[in-house]
Amino acid sequence: MPHPYEDLPAHAYWKTGVAELNPLQLSGLWRPKFPVLPDEPIITAGSCFAQHIGRALAARDYAWFDAEPAPAFLAPEDARAYNYGIFSFRTGNIYTARTLLQWLRLAFGEMADPGEWWERKGRIYDPLRPAIEPKGFASVEEAAASRTGTLAAIRRAVGEARLMVFTLGLTESWANAETGLEYAMCPGTLAGTFDPALHVFRNHRHGDILADMEAVLELLARHNPDLKVLLTVSPVPLTATASGEHVLTATSYSKSVLRGVAGELAQDHAHVDYFPSYEIITHPVFRGMFYAPNQRQVVPEGVDVVMSKFFADQQASFGAPKRARKGGGPRKAARAAQAAEDVKCEEEMLNAFAR
């Protein structure tokens, strides 16, 4: 009887699947579980790299769902400055699984709002999304009303979407030791005041992140049983680490843990898949060609390669989409014209503290 390694396809061997090919010839890196259809609403959230996926889908006339569109009176450049149209709801970057779970629990009334707000120079900032308003809010009431609108958008997005793309970004975060509220940024960096007795550093471990994501999936399934989830891991290294480690090894830990969690979730749930954008950008076989000289930002060509493989692997598994959406109008054109490196990334603000 032949053993299992006698009949494997070419892609299963390093020699024929990788070493004998130009890196740009690599194909079949993703075997998708389910089709991503042009007419089914898709929502995107997560770390900075998730923005590229949303743009690519919208540019190809897929039904990227903007559940919290900008007011009609805002010019496109102003709407972007105020963080509209970046993700499917106006949360800003959601870097950790715990923060995603927190947003969902707040949106569906499963978590009490601790009522914490930050202040800077007389302006009010939302600790869950401190960069959402460039100059902050005029009052707590205004900030609270804005967040209420975002929570409503999250409920609408989860209820109407058929696919959620979430990009896992970080394991590191800061939280309130008394309430457990996890912040989008460390207090005192953009707004608020850092209190070492109140504000605690977290470097989430594999088991904690897995449990948080399982809770996310359970909550999503309760509110939309038809919602599928596509996970990715951000290939963007940490801007800074508070772990005490070198930022390079801290990055390796963070991404390895997140990749492991994403893989397990995809193995354990039929409605969850993992797309290897992380591997396409970071793997040594690609020789760093998709990074800018700072070895952190992903260049437009890298984004193009990632998304071309996304659509190619979809087509290889399910054929060409039977019907593409038409139109898209000014919003589609504006999104498609944005430079791939022009992403909103709150974490990059930590660069201001580098000496």
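Parameters at a glance
- In every chain, residue numbers begin from 1 and rise along the written sequence.
- Whole-chain, interface and lining totals are the exception, using all residues; otherwise, since this is a predicted model, local features are given only for residues with pLDDT of at least 70 and side-chain atom pairs are given and counted only at 80 or more.
- As a rule here, side-chain values cover all heavy atoms of the structure and leave hydrogens and water aside.
- Residue burial is assigned from relative accessible area. The probe radius is 1.4 Å, only protein chains are included, and a residue is buried under 20% of its type maximum, exposed over 50%, and partly exposed in between.
- Counting from the N terminus, the helices are the DSSP runs of H or I reaching at least four residues and the strands are the DSSP runs of E reaching at least two.
- Whether two strands pair comes down to DSSP finding at least two bridges between them.
- To count toward a patch, a residue needs a relative accessible area above 30% and no salt bridge. Like charges then connect within 9 Å, nonpolar side chains (Val, Leu, Ile, Met, Phe, Trp, Tyr) within 5 Å.
- Accessible surface area values rest on a Shrake-Rupley calculation with a 1.4 Å probe, where residue burial reflects the displayed protein chains alone.
- In the sections that follow, a salt bridge refers to a side-chain nitrogen of Lys or Arg positioned within 4 Å of a carboxyl oxygen of Asp or Glu.
- Buried Ala, Val, Leu, Ile, Met, Phe, Trp, Tyr and Cys residues form a nonpolar core when they are joined through side-chain atoms within 4.5 Å.
- Contacts are assigned to residue pairs that have any heavy atoms within 4.5 Å of one another.
- A helix is expected to span 1.5 Å multiplied by its residue count minus one.
- Between N-to-C directions, angles span 0 to 180 degrees; the directions come from axes that are lines fitted to C-alpha atoms, helices contributing only their stretch in contact.

Engineer: Hey, could you run me through the pairing of strand 4 (residues 163-168) in this one?
Structural biologist: Walk down a regular strand and you will see the side chains alternate between the two sheet faces. Across the six residues of strand 4, six count as buried, placing the element largely inside the fold. On strand 4, burial covers both faces: Leu163, Val165 and Thr167 on one face and Met164, Phe166 and Leu168 on the other are all buried. In the sheet, strand 1 (residues 42-46) pairs with strand 4 via five bridges, with the strands oriented parallel. Residue pairing for strand 4: Ile43 is matched across the bridge by Met164.

Engineer: How should I be thinking about a nonpolar patch on the surface in this particular structure?
Structural biologist: Nonpolar side chains collect at one region of the surface, where Tyr5, Leu8 and Tyr13 lie side by side and expose about 300 Å² of accessible area between them. Tracing the backbone shows Tyr13 in the segment before helix 1 (14-19).

Engineer: Please clarify how the nonpolar core should be interpreted in this entry.
Structural biologist: Most often, soluble globular proteins have nonpolar side chains that are buried together. One finds Leu104, Met213 and Leu231 to be the most contacted residues of the largest nonpolar core, which totals 51 residues. The set of elements that each furnish at least two residues to this core consists of strand 1, helix 4 (97-107), helix 5 (140-160), strand 4, helix 6 (206-223), strand 7 (228-233), helix 7 (247-268) and strand 8 (272-274). Once you skip the residues sitting within four places of it in the chain, Met213 turns out to touch Ala97, Leu100, Phe166, Leu168, Leu231, Val261 and Leu265. Judged by nonpolar contacts, the second largest core, of 29 residues, contains Ile42, Tyr62, Phe290 and Met307.

Engineer: For this particular structure, what's the right way to read helix 7?
Structural biologist: For helix 7, built from 22 residues, the straight-helix expectation of 32 Å at 1.5 Å per residue is met to within 8% by its first-to-last C-alpha distance of 32 Å. Turning to helix 7, the residues buried within the fold contact strand 4, strand 5 (172-176), helix 6, strand 7, strand 8 and helix 8 (277-282).

Engineer: Just checking my understanding: could you explain the sheet that holds strand 8 for this structure?
Structural biologist: Adjacent strands of a sheet pair through backbone hydrogen bonds, lying either parallel or antiparallel. Reading across from one edge, 1-4-7-8 is the order of the four strands in this open sheet, with parallel pairing throughout. The open sheet has two free edges, formed respectively by strand 1 and strand 8, since each of these has just one partner strand. In this sheet, neighbouring strand axes are inclined to one another by 20 degrees on average, regardless of whether the strands run parallel or antiparallel.

Engineer: What exactly am I supposed to notice about the side chain of Thr251 here?
Structural biologist: Relative to the helices and strands, Thr251 is located in helix 7. A residue is classified by how much of its surface remains accessible, and Thr251, at 12% relative accessible area, is buried. Discounting chain neighbours no more than four positions away, the residues touching Thr251 are Pro237 and Leu238.

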